[in-house]
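The lines below spell out each chain.
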Amino acid sequence: MLSRSADLPRIVIVGGGAGGLELATRLGRQLGLRHRARIVLVDGSPTHIWKPLLHEVATGVLNSGEDEVNYFAHGYHNGYDFEFGYMQGLDRQQRVISLAAIHGADGQQLSPPRDIGYDWLVLAVGAQSNDFGTPGVAEHALQLNTPEDAERLRHRLLELAFKCSIGQQAGLDIAIVGGGATGVELAAELNHTVREMHVYGARLQPAQVHISVIEGAERILAAAPPSLSAYAEEQLAARHVRVLTRSRVAAVTAAGVQLQDGSTVAADMTVWAAGVKAPAWLAQLDGLAVNSLNQLQVDAQLRCVAGENILAMGDCAACAGPDGRPLPATAQVAHQQAQWLAGAVQAWLQQQAVPDFAFKPQGMMVSLGKHTAVGSLAAIVGPKRDYYVEGRGAKLIYASLYRMHQAAVHGWWLAGLLWVGDRLRRVAKPALKLH
């Protein structure tokens, strides 16, 4: 068991996603490197990749191995320790979490189950797909929640494209269930990928590929202003992507997607991007309350239990916004909570009071392919204004979001070097990863 130190408070962060990694980095630099606290990051994967990039990994535009952050190395340079493993239990009285055993690729046990003590515990384990109990999703639909999901989708796309190229099938039908940011970005990126494949010599004509976005609401990007949704739908239509709104899914089969009105959308590949929920095991933790989506109930200071040092942030936390409803599962929410928690934890360690967390909407940016994007500018013109940007300017703003994430994780100097490296790689390597 990794016990608590009598000298330094131990702050354990479970989950190395965008929010968890940023929090560990900030606390590691401010407390860990100065020997004021011991910061421990726990994750079941040894590397991190920014989740909004997964649609680019899935289409081969981005090589995940070049943009991953290794927790072991990053922690060494930024003042936190990394514990490799999946959390499986909590003992609030003893103030310990339990990690499951780790097994290698051949099934051999690399590490037995173990416990980690904490003085402060932050749960930032993210979310996973929510299939709403729809029949056939688990068996016949691909997901896009992890790098492994993205690689699985990419390989499936390459296999189907190859079959079309050699004449084994006449065309390629792709159905994406969910018209939120993930579904829209994936549809646009898939369209771009198919055209790039043709340029690189694949005998797959763009006209052979039919992409459909299926959305149950009245419009895609339902959380965005109506004008933004309309522009995004126009851009998808210009790329010959079919958008089906007010279309609720009854089941997913090997042949496609069955809708509740009795019609069927044929699909050689179906991707489920219709919603998220927190992992089910959070509901089994020692006395912590969850909502219907398994999200941990937190107060205005992100505490799971009043008077205890257990907090939750990001997609796995049900934190109420100004309207009383839980904040959306987005990167900007996790980023702001990580910033706030980094300051709050330091204040609490000094027994100082802190103001409640207040989310400040920054608008919404959605990529629509290689050279264009669309987004609202709430951070500039105010959240009540219906104003958006489009085209290459919007794509530049969209790309800057990732650079800001890199700056939060690596610092501005290294983030700048990484940007230069990315530009050089694009000159030296093909635009798509085709293997």
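Preceding this section is the structure that the text describes.
Residues numbered from 1 in each chain as written. Predicted model: local features only at pLDDT ≥ 70, side-chain atom pairs only at ≥ 80, totals over all residues. Heavy atoms only, no water.

Asks: Could you clarify how one ought to interpret the overall build of the chain in this entry?
Replies: Along the backbone of the chain there are 12 helices and 27 strands. Against the globule reference of 22 Å for 435 residues, the chain gives a C-alpha radius of gyration of 22 Å, in line with a compact fold. Put simply, the chain has 435 residues, and 51% of those count as buried. Intrachain contacts of the chain at a sequence separation of at least 6 include 65% that bridge at least 24 residues. (Helix = DSSP H or I, 4+ residues; strand = E, 2+ residues; numbered from the N terminus. Rg over C-alpha atoms; globule rule 2.2 N^0.38 Å. Buried < 20%, exposed > 50% of the residue type's maximum accessible area, 1.4 Å probe, protein only. Contact = heavy atoms within 4.5 Å.)

Asks: Explain the environment of Arg 38 to me, please; I cannot follow it from the model alone.
Replies: Tracing the backbone shows Arg 38 in strand 2 (residues 38–43). Residue classification places Arg 38 among the partly exposed residues on the basis of a relative accessible area of 28%. A polar contact is formed between the side chain of Arg 38 and the side chain of Asp 81, at a distance of 2.6 Å. (Polar contact = N/O pair within 3.5 Å; in protein donor to acceptor, adjacent residues only side chain to side chain.)

Asks: What exactly am I supposed to notice about the pairing of strand 7 (residues 96–99) here?
Replies: Looking down a regular strand, the side chains alternate between one sheet face and the other. Inspection of the sheet shows strand 6 (residues 87–91) paired to strand 7 by 4 bridges, in the antiparallel sense. Note that in strand 7 the partner of Leu 90 across the bridge is Ile 97. Connecting strand 6 to the next strand, strand 7, in antiparallel fashion are 4 residues, including Arg 95 with a positive phi near 55 degrees. By the bridge criterion, 4 bridges tie strand 7 to strand 10 (residues 114–117) in an arrangement that is antiparallel. Of the residues in strand 10, the one forming a bridge with Val 96 is Gly 117. (Pairing = 2+ DSSP bridges.)

Asks: Is there a simple way to think about the packing of helix 1 (residues 18–32) against helix 4 (residues 71–78) in this case?
Replies: Where helix 1 contacts helix 4, the two axes come as close as 9 Å, and the packing angle between them is 30 degrees. When the interaxial angle is binned, helix 1 and helix 4 end up roughly parallel. Between helix 1 and helix 4, the residues in contact are Leu 21, Thr 25, Gly 28 and Arg 29 and Tyr 71, His 74 and Asn 78, respectively. When its residues are assigned to classes, the contact of helix 1 with helix 4 shows 2 nonpolar, 4 polar and 1 charged. (Axes fitted to C-alpha atoms, helices over the stretch in contact; angles between N-to-C directions. Parallel < 35°, antiparallel > 145°, perpendicular 65-115°, else oblique. Nonpolar A, V, L, I, M, F, W, Y, C, P; charged D, E, K, R; others polar.)

Asks: Can you help me understand the pairing of strand 1 (residues 10–14) in this one?
Replies: Burial analysis of strand 1 places 5 of its 5 residues in the buried class, which makes it a mostly covered element. Along strand 1, one buried face is formed by Arg 10, Val 12 and Val 14 and the opposite face, lined by Ile 11 and Ile 13, is buried too. Remark: the strand 1/helix 1/strand 2 crossover connection has right-handed handedness. Of the pairings in the sheet, the one linking strand 1 to strand 11 (residues 120–123) comprises 4 bridges and is parallel in character. The residue of strand 11 that forms the bridge with Ile 11 is Trp 120. (Right-handed = clockwise from strand over helix to strand, strands pointing away.)

Asks: Just to check I follow, could you spell out the nonpolar core for this structure?
Replies: General note: in soluble globular proteins, nonpolar side chains tend to be found buried as a group. Counting residues in hydrophobic clusters, the biggest one holds 59 residues, and the most contacted among them are Ile 97, Leu 123 and Leu 341. The element contributing the most residues to this core is helix 9 (residues 331–349), with 9 residues. Once residues lying within four places of it in the same chain are set aside, the contact partners of Ile 97 are Val 12, Val 14, Val 42, Met 87, Gly 89, Leu 90, Arg 114, Asp 115, Ile 116, Tyr 118 and Leu 121. Ile 49, Leu 190, Val 213 and Ala 224 belong to the second-largest nonpolar core, a separate cluster that totals 41 residues. (Core = buried A, V, L, I, M, F, W, Y, C linked by side-chain atoms within 4.5 Å.)

Asks: For this particular structure, what's the right way to read helix 11 (residues 391–410)?
Replies: Two residues of an α-helix separated by three or four positions point the same way, owing to the 3.6 residues in each turn. If you check helix 11, its first and last C-alpha atoms are 29 Å apart, about what 20 residues at 1.5 Å a residue would give, namely 28 Å. Among all positions in helix 11, only Gly 391, Ala 394, Lys 395, Tyr 398, Tyr 402, Arg 403, His 405, Gln 406, Ala 407, Ala 408 and Val 409 are buried. (Expected span 1.5 Å × (residues − 1).)

Asks: Quick question: what am I supposed to make of the sheet that holds strand 16 (residues 241–244) here?
Replies: Two pairing modes exist for strands in a sheet, parallel and antiparallel, and in both the strands are linked by backbone hydrogen bonds. Spatial strand order, 13-20-14-15-16: 5 strands in an open sheet with parallel pairing. Of all the strands in the sheet, the pair left with one neighbour each is strand 13 (141–142) and strand 16. By the bridge criterion, 4 bridges tie strand 15 (residues 209–214) to strand 16 in an arrangement that is parallel. Its bridge partner lying in strand 16, Ser 212 is registered against Arg 242. The strands touched by helix 6 (residues 147–165) within the sheet are strand 13, strand 14 (172–177) and strand 20 (269–272), with strand 20 carrying the most contacts at an inclination of about 160 degrees.

Asks: Even after reading the chapter, I still don't get unusual backbone geometry, so can you show me in this structure?
Replies: Excluding glycine, a negative phi dihedral is what most residues carry, and trans is how most peptide bonds are arranged. Of note, the phi angle at Arg 95 is positive, near 55 degrees, even though the residue is not glycine. Residue placement: Arg 95 occurs in the loop between strand 6 and strand 7. Judged by relative accessible area, Arg 95 falls into the partly exposed class, the value being 32%.

Asks: In this structure, what is going on with the packing of helix 1 against helix 11? I would like to understand it.
Replies: When two helices pack together, their arrangement is given by the angle between the helix axes and by the axis-to-axis distance. Contact geometry of helix 1 with helix 11 gives a least axis separation of 8 Å together with a crossing angle of 35 degrees. Here Ala 18, Leu 21, Glu 22, Thr 25 and Arg 29 of helix 1 come into contact with helix 11, specifically with His 405, Ala 408, Val 409 and His 410. Residue classes in the contact of helix 1 with helix 11 are distributed as 4 nonpolar, 3 polar and 2 charged.

Asks: Just to check I follow, could you spell out the pattern of salt bridges for this structure?
Replies: Once their charged atoms are close, side chains differing in charge can pair, the charge on each being opposite to the other. The full count for this structure, using the stated rule, is 9 salt bridges. A salt bridge links Arg 26 to Glu 22, with the nearest nitrogen and oxygen atoms 3.0 Å apart. Highlighted residues: Arg 26 and Glu 22, both in helix 1, separated by 4 residues, approximately one helical turn. The shortest N-O distance in the salt bridge between Glu 83 and Arg 114 comes to 3.3 Å. With Glu 83 in strand 5 (residues 80–84) and Arg 114 in strand 10, this residue pair connects regions lying 31 residues apart in the sequence. Its relative accessible area of 17% is what places Glu 83 among the buried residues. Accessibility expressed as a relative area gives 18% for Arg 114, which makes it buried. (Salt bridge = Lys/Arg side-chain N within 4 Å of Asp/Glu carboxyl O.)

Asks: It is not clear to me how a nonpolar patch on the surface should be interpreted in this structure. Could you clarify?
Replies: On the surface, Trp 413, Leu 414, Leu 417 and Leu 418 cluster together to form a nonpolar patch covering roughly 430 Å² of accessible area. With respect to the helices and strands, Trp 413 occurs in helix 12 (residues 412–428). Residue Trp 413 is classed as exposed on the basis of its relative accessible area, which comes to 71%. (Patch = residues over 30% accessible without salt bridge, like charges linked within 9 Å, V, L, I, M, F, W, Y side chains within 5 Å. Areas by Shrake-Rupley, 256 points an atom, 1.4 Å probe, with all protein chains shown as cover.)

Asks: Got a minute to help me understand the packing of aromatic side chains in this structure?
Replies: Within a pair of aromatic rings, the relevant descriptors are the distance that separates the centres and the angle that separates the planes. A complete count under the given rule lists 7 aromatic pairs for this structure. Between Trp 50 and Tyr 402 the ring centres are 5.4 Å apart and the planes differ by 25 degrees, which places this aromatic pair in the stacked class. With Trp 50 in the loop between strand 3 (47–48) and helix 2 (54–58) and Tyr 402 in helix 11, the pair connects residues that are 352 residues apart, well separated along the chain. Cation over ring: Arg 303 sits above Trp 348, and NZ or CZ is 4.4 Å from the ring centre. (Phe/Tyr/Trp six-rings, centres within 6.5 Å; stacked < 30°, edge-to-face > 60°. Lys NZ or Arg CZ within 6 Å of the ring centre and 35° of its normal.)

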